[in-house]
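Structural description and commentary
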Amino acid sequence: IFKKSKIQWGHLLQASVMVLLRKYNITEGLLAIDDSDKRRSKSTKKIAHVHKIKDKPSGGYIMGQSLVFMILVTPKITIPVGFDFYMPDPALKEWKKKIACLKKNKVSGKRPAPPERDSNYPTIPNIALALIGQFNKNFGHIRIRAILADALYGTKEFMDGAASIYPGTQVISQIRSNQNIRLRGKRMSVESYFAKHQGSPQKIVVRGQKEVSVMLGSARLYVEAHSKKRFVIALKYEGEEEYRYIIASNLSWRTNDIVEAYTFRWLVEVFFQDWKGYEGFAAL
């Protein structure tokens, strides 16, 4: 991340992870995936992978880097096991600009077709799948109980791709409230379904420690965008106004087990805070 040189950093990370797995006798865990941005100077020219990024706090744009991280969560330790930089496809970016310009000027007629995505510029979910595949190749002896990711990764391609790398493993993500499902031939949004099928108050254990009260509803529903049934869960913590909707690939798990496993995804956010605050990601 910090230095380009002829050292094989990837192999060094792999060896370091292996040392820790052996030292703590780690045989199983969860993989949690997320991405994070790092602001850079607007005039930078020498730092790799810098591009224009949407700045969420201001609503404007900044120049920065985007990284996809994967961490291994185990009963003993939580460690980073993979990362990669994300760069948008320049040709696709230019096409989107042209389309936006045509729409702004209200130009009618046939729009130019989007260019094929360059394999040198994979999407963030595809980068995550590559990281999962690499971990499986390097550490195939580690049993992965679940793969956790936020709503950006809640697509058919990512969930099916991750499940194919680790068959039988639970893949858990989130979907939007307006995602369409089908029930007995009727089409409706996830939000509409759970508005008619209210959840019930239940207790869950957050990250294996604290017990909290939540409103919880669930069903195995046919999700149109995924072309198959998924385990869909409506979850609302105390003090929250709206539900969040969790989606899982393995239909055999219990509702509470899926929700409690997904609470471990927060540890990737803790990793980001630690990495940026103490490990040089923000300073260097």
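Residues numbered from 1 in each chain as written. Predicted model: local features only at pLDDT ≥ 70, side-chain atom pairs only at ≥ 80, totals over all residues. Heavy atoms only, no water.

1. A look at helix α7 (residues 266-278)
In a regular helix each residue adds 1.5 Å, so 13 residues correspond to 18 Å; α7 covers 18 Å between its end C-alpha atoms and thus fits that length. Turning to α7, its buried residues number three or more, namely Val268, Phe271, Phe272 and Trp275. Along the axis of α7, the buried residues cluster in a sector spanning 100°; they form a single face. Exposed residues on α7 whose side chains face more than 90 degrees from its buried face are Gln273, Gly277 and Tyr278. In this structure, the buried side of α7 is in contact with β1 (28-40), β3 (61-73) and β4 (78-86). Two residues or fewer after α7 comes Gly280, characterised by a positive phi angle close to 95°. (Helix = DSSP H or I, 4+ residues; strand = E, 2+ residues; numbered from the N terminus. Expected span 1.5 Å × (residues − 1). Buried < 20%, exposed > 50% of the residue type's maximum accessible area, 1.4 Å probe, protein only. Arc of directions from axis to C-beta. Contact = heavy atoms within 4.5 Å.)

2. Some remarks on the packing of aromatic side chains
Tallied over the entire structure, the rule returns 11 aromatic pairs. Note on Phe69 and Trp275: the rings are 6.5 Å apart at their centroids and 70° apart in plane angle, and the pair reads as edge-to-face. Of this pair, Phe69 sits in strand β3 while Trp275 sits in helix α7, and the two are 206 residues apart along the sequence. In terms of burial, Phe69 and Trp275 fall into one category: buried. (Phe/Tyr/Trp six-rings, centres within 6.5 Å; stacked < 30°, edge-to-face > 60°.)

3. Side note on the pattern of salt bridges
When their charged atoms lie close together, side chains carrying opposite charge are able to pair. Tallied over the full model, the rule gives 11 salt bridges. A salt bridge links Lys156 to Asp160; its shortest N-O distance comes to 3.4 Å. Pair noted here: Lys156 and Asp160 are both in helix α4 (residues 156-165), with a separation of four residues, about one helical turn. Judged by its relative accessible area of 28%, Lys156 falls in the partly exposed class. Residue Asp160 is classed as partly exposed on the basis of its relative accessible area, which comes to 21%. Across the salt bridge formed by Arg254 and Asp257, the nearest N and O atoms sit 3.0 Å from each other. In this structure Arg254 comes out as exposed when scored by relative accessible area, which is 58%. Classification of Asp257 by relative accessible area gives partly exposed; the value is 29%. Each of Lys156, Asp160, Lys228 and Arg230 takes part in a single network of salt bridges with overlapping partners. (Salt bridge = Lys/Arg side-chain N within 4 Å of Asp/Glu carboxyl O.)

Everything listed is a geometric property; what it means functionally is a separate question.
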